[in-house]
Each structure stands twice: as C-alpha cells, then as structure tokens.
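The primary structure of each chain is shown beneath.
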There are 2 protein chains.
Amino acid sequence: MQVFVPFAADAPKTRLSSALAADERRHFARTMLRDVVDAVAETGHDPRVLATGPVSVDVPVTVDERSLDAAVNDLLESHFDASGDDDPIAVVMADLALATVTALDRLFEANGDVVFAPGRGGGTNAFVTRHPDFRVDYHGTSYLDHRAIASSVDATLGVVDSFRLATDVDEPADLVEVLCHGDGRTREFLVEAGFELVTADEGRVTVSRTGRVG
Amino acid sequence: MQVFVPFAADAPKTRLSSALAADERRHFARTMLRDVVDAVAETGHDPRVLATGPVSVDVPVTVDERSLDAAVNDLLESHFDASGDDDPIAVVMADLALATVTALDRLFEANGDVVFAPGRGGGTNAFVTRHPDFRVDYHGTSYLDHRAIASSVDATLGVVDSFRLATDVDEPADLVEVLCHGDGRTREFLVEAGFELVTADEGRVTVSRTGRVG
C-alpha cells in the first residue's frame, strides 16, 4: 500500500518558536518526517512524501504547492482512478514523532472502508481509505468532518485508539511526549539540543533547555 | 479483578476554573467518576472507589484521607498479602472521561506483570499489576518512574497505547476531547452546560460556552 506523508517544506512550526529557533524548527520538522517515513517503511508498506516543495528524503517525493486539502484530494482521486476500487491508500502526518510500526500496523490492518487515527484537538492524524469517494477537509474539527464525509459516501468507519498516533508535535508541551515515549531521531535531536524533562509546581511535567546546538 | 478508581472527593479541578465554577467542577468530577466506574463495570470486572472522603456511587467506596501514593500503596500491599501472588489488581484514574470497555479491556487483558496506560505529560493514567512488589509514586514523570520501579522488582512490563486512556481531563483544552470523542454522562454534562466546539484562528479547535446551567 502507498502511504503518503504530507510535509509542508517551508513550514516554520511557529507554535514551537518559544522552544526552538527558526533554523532548528526547520531541522526538527525534517527529523520528525524521517522518523515517520522510517516507521512506515518498517511496516512493509510503501512510504511517499507529498511536499509543498523539494525535500531530501530516501523515498519518492511528489511536490504539490497547493493546500493540503487540494493536494491530498487530488492524490485520492488519481489513486482510485488508476487502481481497483478497493485498493487502499493511506495518509500519515509528518509530525507523528511517536509513531511506531506496531501503532501503524494497527491502523493499516484495521477493518473499515475508511479508518481514522484521531489526533488531539479534533484533528485527523492519519487515515486509510479503501473507498473511492472519500475526500478530506482538514480545517477545524477534521475528525468529525471526516467521519461525516465518510458516512455521506456510505463508507464503513474504523477508528484506531492510539496515543502514539494521536500525538502530533506542535507545541512545547508535546516535547514532553517525545522525551518520555520517543525512541527515534526526534528524541535524539531534543536530547542533543539540551532538552530535558522537569517537574514544575503542581507536579506538572514540562521541558527545560540546558544547552544549545547548531 | 478488583479495579480501584482513586477519587479526590474535595478536589476542585482548579485547572478547569476558567471554564467551570467551583460547584460545577465538583459536579463535573463526580460525573467523570461515574462514567469511569460504569465503563469498568461493563468490562465484567469489579470497580471500587478509593476516595479521600465520602462520595455517593453505586459501588463500594474505601475512604482513605492520605496522599494518593500512600493510599494506593497500602491497597497494593493488603491485596497481595491477602491473595495469591499473581492475583491481579488495577488502578484507573477517575478523570478518564473517554475510557471505554474496549480500551479498558485492552489494558486488563495485556501481557505483563505490570501493564501501564501512560497519560499525557508523563503521567500514569491506569495500570494493572500482577506483581506483589510493585508500588506507585505519582509525582512528576510517574510513567518513567513507574517503569523503573517495575523493573527494579523484576516485573515484566506491558504498555497499552490508547488515546482514550491517555486523556485525563484536567484543563479546558481537554474538554475538546470529551466533546469530540465522549459518549457518556460527561459529554452530556458539557453539552447541557452550553459548551460547544469552535474553530479558532490558525484552525485550532477549542470550546466556547453559550449558556449556563445550575
């Protein structure tokens, strides 16, 4: 199965700007992308990157400068035009730094014409579709919208309940998850950049940065 | 299996104070507790509440005014003193408003002397132990500490990767998860209190409150 990983090549990950400088955020985003691509490859499926601009990875890259919705929907349409109607295709976000083979296999092997891995905050972090008419709309509570879209084309729904796939890394609090649960390059990047876990008042865990790299 | 649900009977859930008044937070916490207890009961296991003070629920309540660590550790010790060495016992937090039978079954049926459901932010939202010497320490990055404690007593470890069990409802952003994914009394409470999902700038989803009850 082809598994597309959309990547905003010029994305600044601005919500991480209190933790990482612009160059670091650019490097960090590419590090997460490589971890996700590797995890997909380890499942035995076929990772591809769908990027808004050139990006250096060891898998095929399709460049499409349009919006995420337009690019993904074009991909879905081309795929089902070219293949059998029930040949699946998957889309997995590039900032799922905790994604593992086990978690992705649960998604890829779940039953349903369309199977979702919901993200925190109403998002859709990954999906598989075997239905030719499912299309995406990532704005807002995309998880609920995507369920409605799938139902509107009479697709059966599946949902994978995964903390790892629900965790997209967008803001400093998410770095706690990478340090606690990650085991790839992304965690290594943070450790080398001097991030560590600290327990703040009230027992809440956060990150602090003791050094600088680069 | 006995499944204990610790509950701070006087806990104000202060991090929700921008969203809910003190009385509402009290009611909200009890509503989540009832949803969790019901989900545990539906698994066929035996829910019990371990509370810091009296609380009205339809299952046995043990009152222990001490800290969470002291109360849970006393429970574990008594349990393994009284039972066979490998008779399991579980502890599930009372604010896991998204907990379902399916998610809890994955926890209860997973392999391992000690099986964890990690929570966001380094927490431990639920665990099962079949090992007589495992003890808890909930302060700080308890998930990592609990793994270390389990390893130190030569317990084999299991981990359940569940977004539902990772989501403890502590702050306003967590209400988004309840409105998106909940289907119990807790979601109903929020809907009746006038909460609804709104898409803010940058596409992030949050909650707004359009009415007041009670």
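Figured I'd write up the structure that's included with this text.

Reading the values: rules and limits
- Residues numbered from 1 in each chain as written.
- Chains lettered and ligands numbered in written order.
- Predicted model: local features only at pLDDT ≥ 70, side-chain atom pairs only at ≥ 80, totals over all residues.
- Heavy atoms only, no water.
- Axes fitted to C-alpha atoms, helices over the stretch in contact; angles between N-to-C directions.
- Helix = DSSP H or I, 4+ residues; strand = E, 2+ residues; numbered from the N terminus.
- Parallel < 35°, antiparallel > 145°, perpendicular 65-115°, else oblique.
- Left-handed = near helix turned anticlockwise from the far one by under 90°.
- Contact = heavy atoms within 4.5 Å.
- Nonpolar A, V, L, I, M, F, W, Y, C, P; charged D, E, K, R; others polar.
- Buried < 20%, exposed > 50% of the residue type's maximum accessible area, 1.4 Å probe, protein only.
- Arc of directions from axis to C-beta.
- Least-squares fit on C-alpha atoms with pLDDT ≥ 70 in both.
- Salt bridge = Lys/Arg side-chain N within 4 Å of Asp/Glu carboxyl O.
- Phe/Tyr/Trp six-rings, centres within 6.5 Å; stacked < 30°, edge-to-face > 60°.
- Buried area = accessible area lost by both parts, 1.4 Å probe.
- Polar contact = N/O pair within 3.5 Å; in protein donor to acceptor, adjacent residues only side chain to side chain.

This part is about the packing of helix α6 (residues 172-181) of chain B against helix α7 (residues 185-192) of chain B. All names here are of chain B. With their axes 9 Å apart at the nearest point, α6 and α7 run at an angle of 110 degrees to one another. Judged by the inter-axis angle, α6 sits roughly perpendicular to α7. Here the hand of the crossing between α6 and α7 comes out left-handed. Between α6, through Leu 175, Val 178 and Leu 179, and α7, the contact on the second element is made entirely by Thr 186, Arg 187, Leu 190 and Val 191. A per-class count over the contact of α6 with α7 returns five nonpolar, one polar and one charged.

Quick look at helix α4 (residues 142-152) of chain B now. Every α-helix winds through 3.6 residues per turn, so residues three or four apart in the chain are directed the same way. Listed in full, the buried residues belonging to α4(B) are Ser142(B), Tyr143(B), His146(B) and Ala150(B). Looking straight down α4(B), one finds that the buried residues subtend no more than 100 degrees of arc, so they occupy a single side. Looking at the packing, one finds that the buried side of α4(B) touches α6 (172-181) of chain A together with β5 (114-119), β6 (123-129) and β7 (157-159) of chain B. Positive phi shows up at Asp154(B), right after α4(B), with a value of about 60 degrees.

Okay, the relation of the copies chain A and chain B next. Once chain A has been moved 0.0 Å along the axis and rotated by 180 degrees, it coincides with chain B to within an RMSD of 0.0 Å. Read as a symmetry element, the transformation amounts to a two-fold axis. Most of the interface of chain A is mirrored in chain B, where 100% of its interface residues again form contacts.

Residues and elements named next belong to chain A. The final tally for this structure, using the stated rule, is 24 salt bridges over all chains. Here Arg 185 ties to Asp 35 by a salt bridge, and the two come within 3.6 Å at their closest N and O atoms. With Arg 185 in helix α7 (residues 185-192) and Asp 35 in helix α1 (residues 22-42), the pair connects residues that are 150 residues apart, well separated along the chain. We note a salt bridge from Asp 64 to Arg 66, for which the minimum N-O separation is 2.8 Å. Among the residues examined, Asp 64 registers a relative accessible area of 14% and is labelled buried.

Residue and element names in this part refer to chain A. Along the polypeptide, Ala 90 turns up in strand β4 (residues 89-92). Judged by its relative accessible area of 0%, Ala 90 is buried. Apart from the residues within four sequence positions on either side, Ala 90 is in contact with Met 1, Gln 2, Val 3, Phe 4, Phe 108, Phe 127 and Val 128.

A word on the packing of aromatic side chains. Pairs of aromatic rings are described using the distance from one ring centre to the other and the angle between the two planes. Across all of its chains, the model carries eight aromatic pairs over all chains by this definition. With centroids separated by 5.3 Å and ring planes inclined at 50 degrees, the aromatic side chains of Phe28(B) and Phe189(B) adopt a geometry described as tilted. Of this pair, Phe28(B) sits in helix α1 (residues 22-42) while Phe189(B) sits in helix α7, and the two are 161 residues apart along the sequence. Residues Phe116(B) and Tyr143(B) carry aromatic rings whose centres are separated by 6.0 Å and whose planes lie at 85 degrees to one another, so their mutual orientation is edge-to-face. One end of the pair, Phe116(B), is in strand β5; the other, Tyr143(B), is in helix α4, with 27 residues separating them in the sequence. Residue Phe116(B) shares its accessibility class with Tyr143(B), and that shared class is buried. These aromatic residues form a ring-pair network of at least three members: Phe116(A), Phe127(A), Phe134(A) and Tyr143(A).

Contacts between the two partners involve 29 residues from chain A and, on the opposite side, 29 residues from chain B. Buried surface at the junction of chain A and chain B, both sides included, amounts to about 2,200 Å², of which 60% is carbon and sulfur. Counting the surface chain A buries against chain B, the share from its top three residues, Arg15(A), Asp161(A) and Phe163(A), is 23%. The interface formed by chain A and chain B holds four salt bridges in total. For the salt bridge of Arg106(A) with Asp161(B), the shortest nitrogen-to-oxygen distance reads 3.6 Å. Across the contact surface, chain A and chain B share eleven residue pairs in polar contact (both at pLDDT 80 or more). Split into classes, the residues belonging to the side of chain A that touches chain B amount to ten nonpolar, ten polar and nine charged.

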